[in-house]
Amino acid sequence: MSEIKIKLADFDDPDVQRLVAANLRDLSERYGGTGDDTPISGTDFAPPNGAFLVASLDGKLIGSAGWRRHGSADAELKRMFTLAEARGRGVARRMLAAIEESAKAAGCSRVILETGDRQPEAIALYESAGYVRIEDFGFYAGHEGVLSYAKPL
């Protein structure tokens, strides 16, 4: 039986960027445009002020999530995604737990995130994992359909 593995990755790695591109295509199908115009660079995920993680199965990347420091104590979740063919296996829940663990180890006391109202599966995951709505922040603050969440670590 194959095992899903989660490990640190370089955001700028070409294989990681292919997964990020799939994430943006998914968001574009839901919301239009590019999917997400939030400015992000590989340096955002450089320790100790961030990390980028990938999930793999049989050597193929199937999921990703990263965090970057937002202020002094918050970790902002970014690029959380699971390929459609890998959904329903708990990949996203495991990725979220790994992000929380990584951010806590780096001294963050809370994870914050932005999502949208056209991602009901993401909303269900975050709420079931203990995230609660907060005032909108970040790139999409004030945009229609934006939902911001936080969870203390």
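All values reported here derive from a predicted model rather than from experimental measurement.

Draft legend 1. Main features of the overall build of the protein chain. The helix and strand tally for the protein chain stands at three helices and seven strands. Counting from the amino terminus, the protein chain carries its helices and strands in the arrangement β-α-β-β-β-α-β-α-β-β. With the C-alpha coordinates aligned to their principal axes, the bounding extent of the protein chain is approximately 40 × 35 × 30 Å. Expressed as a percentage of the 153 residues in the protein chain, the buried residues total 45%. Considering only contacts within the protein chain whose residues lie at least 6 apart along the sequence, 62% involve residues at least 24 apart.

Draft legend 2. A look at the packing of helix α2 (residues 91–105) against helix α3 (residues 120–128). Look at α2 against α3: their axes get within 11 Å of each other, and the N-to-C directions meet at 50 degrees. Comparing their axes, α3 and α2 come out oblique. In this structure, α2 meets α3 at a crossing whose hand is right-handed. For the pair α2 and α3, contact is made by Ala92, Arg93 and Leu96 and by Leu125, Tyr126 and Ser128, respectively. Among the residues forming the contact of α2 with α3, the class breakdown is four nonpolar, one polar and one charged.

Draft legend 3. Spotlight on unusual backbone geometry. A cis amide bond links Pro47 to the next residue, Pro48, at an omega of 5 degrees. Relative to the elements of secondary structure, Pro48 occurs in the loop between α1 (14–31) and β2 (50–57). For Asp58, which is not glycine, the phi torsion reads 55 degrees and is therefore positive. You can call Asp58 exposed: its relative accessible area is 64%. If you check the backbone angles, Arg79 has positive phi at about 55 degrees while not being a glycine. Mapped onto the fold, Arg79 is located in strand β4 (residues 74–82).

Draft legend 4. Inspection of the nonpolar core at higher detail. Among the nonpolar cores identified, the biggest contains 32 residues, and Ile62, Leu77, Met80, Leu96, Tyr126 and Tyr131 are the most heavily contacted of them. Every element with two or more residues in this core is listed here: α1, β2, β3 (60–70), β4, α2, β5 (110–116), α3 and β7 (146–152). At five residues, α2 tops the list of elements feeding residues into this core. In contact with Ile62, other than residues within four places in its own chain, are Ile4, Leu19, Ala55, Ser56, Leu57, Phe81, Thr82, Leu83, Ala86 and Val91. In terms of nonpolar packing, the next biggest core, distinct from the first, is built from six residues, Phe11, Val20, Phe45 and Phe52 among them.

Draft legend 5. Expanded view of the side chain of Asn23. In this structure, Asn23 sits in helix α1. Those residues in contact with Asn23 that lie beyond four places of it in its chain are Arg79, Met80 and Phe81.

Draft legend 6. Expanded view of the pattern of salt bridges. One pass over the structure, following the stated rule, counts ten salt bridges. For Arg79, the salt bridge goes to Asp36, with nearest N and O atoms at 2.6 Å. With Arg79 in strand β4 and Asp36 in the loop between α1 and β2, this pair connects stretches of sequence that are 43 residues apart. With respect to class, Arg79 is no different from Asp36; both count as buried. The partner of Glu85 in a salt bridge is Lys60, and the shortest N-O contact between them spans 2.9 Å.

Draft legend 7. Representation of the sheet that holds β2 within the structure. The sheet built from seven strands is open, its strands ordered β1-β2-β3-β4-β5-β7-β6 with mixed pairing. Lying at the two open borders of the sheet, with one neighbouring strand each, are β1 (4–8) and β6 (132–134). Neighbour to neighbour, the strand axes of the sheet diverge by 30 degrees on average, direction disregarded. In the sheet, β5 pairs with β7 via seven bridges, with the strands oriented antiparallel. Along β7, the bridge assignment pairs Ile112 with Ala150. Here α1 sits on the sheet and contacts β2, β3, β4 and β5; the angle it forms with β4, its principal contact strand, is near 85 degrees. Strand contacts of α2: β1, β2, β3, β4, β5 and β7, with the helix running at about 35 degrees to β3, the strand carrying the most contacts.

The rules behind the values
- Residues numbered from 1 in each chain as written.
- Predicted model: local features only at pLDDT ≥ 70, side-chain atom pairs only at ≥ 80, totals over all residues.
- Heavy atoms only, no water.
- Helix = DSSP H or I, 4+ residues; strand = E, 2+ residues; numbered from the N terminus.
- Buried < 20%, exposed > 50% of the residue type's maximum accessible area, 1.4 Å probe, protein only.
- Contact = heavy atoms within 4.5 Å.
- Axes fitted to C-alpha atoms, helices over the stretch in contact; angles between N-to-C directions.
- Parallel < 35°, antiparallel > 145°, perpendicular 65-115°, else oblique.
- Left-handed = near helix turned anticlockwise from the far one by under 90°.
- Nonpolar A, V, L, I, M, F, W, Y, C, P; charged D, E, K, R; others polar.
- Core = buried A, V, L, I, M, F, W, Y, C linked by side-chain atoms within 4.5 Å.
- Salt bridge = Lys/Arg side-chain N within 4 Å of Asp/Glu carboxyl O.
- Pairing = 2+ DSSP bridges.

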